[in-house]
Amino acid sequence: MGLKSVLAGVALLGNLVHAVSTFSPARPPAIPLAVKGPYLNSWLNVGKDGGNGGYLAGEWARFWSQQITGWAGFIRVDGKAYNWMGAPPGADLVDQTDFSYTSTRSTFVMNVGGKVEMNVTFLSPVTPLDLRRQSLVFSYLEVGVHSLDGVNHDVQLYTDCSAEWASGDNTAIVEWDHKSSDGVAYHQFWRQNQVPISESNQLANWGTWFWSTKDVDNLSWQSGADTDVRGAFIEQGVLPNTEDTEYRAVQDQWPVFGFSNDLGSVGVSSVSTLYSIGMTQDDAIQLLGESEGNDLTTYPALWKSYFASDVEAMTFFYNDYSEASKLATDLDNKVASDSLAAAGQNYLTLTSLSVRQTFGALQFTGTDSDPLVFLKEISSNSDIQTVDVIFPAIPLILYTNPAILNYLLKPLFLNQENGHYPNTNAIHDLGTFPLARGYPDGSDEPMPLEECGNMIIMALAYAQHTGDNGYLKAHYPILKQWAGYLVDEALIPAEQISTDDFAGSLANQTNLGLKGIIGLRAMAEIADRTDNTADAQSYGDTATSYISQWQGFGINSAANPPHTTLSYGDADSHGLLYNLYANSLLGFGEDFVPKSVYDMQSDFYPTVALDYGIPLDTRHTYTKTDWMLWCAAIASEETRDTFIRLVAGWIDSTPTNMPLTDLYDAATGDYPGGLRFTARPVAGGHFALLALK
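Colleague: What's the story with helix H11 (residues 476-489) in this structure? I'm lost.
Modeller: It helps to recall that an α-helix has 3.6 residues per turn; residues three or four apart then point in one direction. Between its first and last C-alpha atoms H11 spans 20 Å; for 14 residues at 1.5 Å apiece the expected length is 20 Å, and the two agree. Those residues of H11 that sit buried are Tyr476, Ile478, Leu479, Trp482, Ala483, Tyr485 and Leu486. Contacts made by the buried residues of H11 are with helix H8 (403-417), helix H9 (448-466), helix H10 (469-474), helix H12 (510-529) and helix H13 (533-554).

See the structure below:
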């Protein structure tokens, strides 16, 4: 696959057809615009299942669950208006000539009537080592304009956002205001009826939204009905600085909040205008965890530890653009350099599309001295703190800041160590985001072997990366409890579901058994690190015995080529043995699982490859990107590159039209029947190669 994908424009609005744009390093299924948290998660649909091919003009931005997040842009050049963002009526579209993305940026280049060129950059900062900045649920939009033909042109620039950002219920009443602080002009808007710690159609029912720009003399503004505000700019090139005081429902004349900048005479030097959009919430999550009773603990949003007010947080973010941009460039460069060195351009195509998506599912809460991070299982069922969704995401977490893994696991330990879960196995999740009330009756989705193995493996991975053996000692009793479950159940797994629950339950799962056995080997090291010598010997001996027996149960050595089976004894079955990755991640290597198992699987995978990937198992033709990359990370170079080439090629050609799915049909490249995973944080698993470095 080359560095650029060239697609002919297919969207037709009015009488204007899109010109051809290049897409680099690929044309993704959806383009991240403002993606910084579970509720600031706005994308541009691209794929032909419902997108327009990747053109910013002529298509509304959408929340991951497909509600429109109204975001419009116009530009007037020498008195003629053009539409450069969204799908409002009233103006011809600009010609998009190029799109490119990095780990933190999405950039569009646009030709406006052959007279000026626009460079439009959406920047969602990701700062894992700087929790003050990471706690701010805001994103930047920078628009640069310069002359394309060498002649000066009279230019005015317009943008707005709509009240649709503030509620998943378009009948909800929204209030708004316009103010200025610390050199920043801003519209703020919010649901009139605030219902903390609740959602409507996946969007928060509480919090305040801010749409901001620099407070300068050439700025004008207006709030009001969409047709009125946008029409004023199209006709006059300026807004009247008036506020609509009739607060009303989102869908009642569609309130929008506009800014217009008179850029004056624009020549060959670029004139830049900066905006920011985002939200604040005082309280963020409720958890059944810290008390022994049934009282929920309310955790504040983490930004409150650093800023005295929401306005102060917003203005800090806006005025921090220079430093935020530098930090973003540093991360972009690091991911690019490391990915290219690890496996080349195809790998970078995938990793750089995965960073914002993964961190966009995380809610940072607590205090600066005691942070907790909560994960939303976006799109599959909206669970909070799903253990087997955190697990595939850990390569990116370990690569960027292993401490965040501690913050993710802490709510799970709090809930279970304080007696709120009756089962001896590890819990599956803590409820439905944003309410982590757990399962005091033990009625969570039953993945006992899956989650026991995941929790033990993740606890050791955190300790290995940080040297924090005190962490293991603090949690040793419950880790030992879960290890006891693995001793009883890992070698011969009973009929149950695994993390791939959509595939159905199955007894004697080869891959699931391997996870439990590696979990026991991990427990042996945990016991050793915490001076529990007898336990270390016992768990180590059991794991060694089990892995030897497992090879007899789970390998079809008579096949040509030989391979592991999906389930013990089913000679014709096979599947991705992705749990083998944990053996390498924890450094056990060939001393525990023989090299012959690695080589066998590496040789086998290419023989069952389809057009867009290697199937998850023999029950279906669908596959998962996270697990393919886990397998790629521990395969031969040739097989590794095959996995990555297939996934990168899929990104550039899939008809799927929503934020990157981790589950698709390897034969068609489309969604599998009835399943549309999107925007899930398991994309962090694409960093599997880099987490081993």
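Colleague: What exactly am I supposed to notice about the confidence of the model for the chain here?
Modeller: Predicted coordinates in regions of low pLDDT should not be interpreted in detail. Per-residue pLDDT for the chain has a mean of 96; in total, 97% of the residues score no lower than 70. The low-confidence segment residues 1-16, where pLDDT is below 50, has 47 contacts with residues more than four positions distant or belonging to other chains.

Colleague: Is there a simple way to think about the environment of Leu629 in this case?
Modeller: Mapped onto the elements of the fold, Leu629 is located in helix H16 (residues 625-633). Using a relative accessible area of 0% as the deciding quantity, one classes Leu629 as buried. If sequence neighbours within four positions are ignored, Leu629 has contacts with Tyr347, Leu350, Ile644, Val647, Gly685, His686, Ala688 and Leu689.

Colleague: Would you mind showing me how to read the sheet that holds strand S7 (residues 62-63) here?
Modeller: Note: strands within a sheet are paired through backbone hydrogen bonds, in either parallel or antiparallel orientation. Taking strand neighbours across the sheet as the criterion, the three strands line up as S5-S6-S7 in an open arrangement whose pairing is antiparallel. A strand with exactly one partner marks an edge of an open sheet, and here the two such strands are strand S5 (30-35) and S7. The pairing of S5 with strand S6 (residues 41-45) spans five bridges and is classified as antiparallel. The partner of Val35 across the bridge, within S6, is Asn41.

Colleague: Quick question: what am I supposed to make of empty space enclosed by the protein here?
Modeller: Rolling a probe over the atoms, with the probe sized like a water molecule, indicates the empty space that remains. Under the defined criterion, the tally for this structure stands at five cavities of 30 Å³ or more. Residue lining of the largest cavity: 18 residues in total, with Gln509, Asn511, Leu566, Leu576 and Tyr578 positioned closest to the centre. When its volume is computed, the second largest cavity comes out at roughly 130 Å³. Elements supplying a minimum of two residues to the lining of the second largest cavity: strand S24 (271-280) and strand S27 (362-367). The element contributing the most residues to the lining of the second largest cavity is S27, with three residues. For the lining of the second largest cavity, a count of residues per class yields eight nonpolar, six polar and one charged.

Colleague: Explanation requested: the nonpolar core in the structure shown.
Modeller: For soluble globular proteins, the rule of thumb is that nonpolar side chains tend to be buried together. Judged by nonpolar contacts, the single largest core of 214 residues is most densely connected at Trp71, Ile75 and Trp84. Residue contributions to this core peak at eleven residues, all from H9.

Colleague: Just checking my understanding: could you explain the layout of surface pockets for this structure?
Modeller: Reported here for the largest pocket is a volume of approximately 250 Å³. Every element with two or more residues in the lining of the largest pocket is listed here: helix H4 (321-343) and helix H7 (387-400). No other element matches the four residues that H4 contributes to the lining of the largest pocket. In the lining of the largest pocket, the residues fall into six nonpolar, two polar and three charged. Estimates place the volume of the second largest pocket at around 200 Å³. Mapped onto the lining of the second largest pocket, the elements with two or more residues apiece are H7 and H16. Among the elements that take part in the lining of the second largest pocket, H7 stands out by supplying three residues, more than any other. Tallied by class, the residues present in the lining of the second largest pocket amount to eight nonpolar, five polar and eight charged.

Colleague: Explanation requested: the sheet that holds strand S29 (residues 435-436) in the structure shown.
Modeller: The strand order S26-S25-S29 describes an open sheet built from three strands, whose pairing is mixed. With partners counted over all chains shown, the strands left at the sheet margins are strand S26 (297-300) and S29, one partner each. Pairing of strand S25 (residues 283-287) with S29, which is carried by two bridges, proceeds in the parallel orientation. In the sheet register, Leu287 faces S29, and the bridge partner there is Ala436.

Analysis parameters
- Residues numbered from 1 in each chain as written.
- Predicted model: local features only at pLDDT ≥ 70, side-chain atom pairs only at ≥ 80, totals over all residues.
- Heavy atoms only, no water.
- Helix = DSSP H or I, 4+ residues; strand = E, 2+ residues; numbered from the N terminus.
- Expected span 1.5 Å × (residues − 1).
- Buried < 20%, exposed > 50% of the residue type's maximum accessible area, 1.4 Å probe, protein only.
- Contact = heavy atoms within 4.5 Å.
- pLDDT = per-residue confidence, 0-100.
- Pairing = 2+ DSSP bridges.
- 1 Å grid on protein atoms, 1.4 Å probe; cavity = no way out; pocket = protein on both sides within 12 Å on 5 of 7 lines; lining within 4 Å.
- Points joined across faces, edges and corners; volume = space filled by probe spheres on them.
- Nonpolar A, V, L, I, M, F, W, Y, C, P; charged D, E, K, R; others polar.
- Core = buried A, V, L, I, M, F, W, Y, C linked by side-chain atoms within 4.5 Å.

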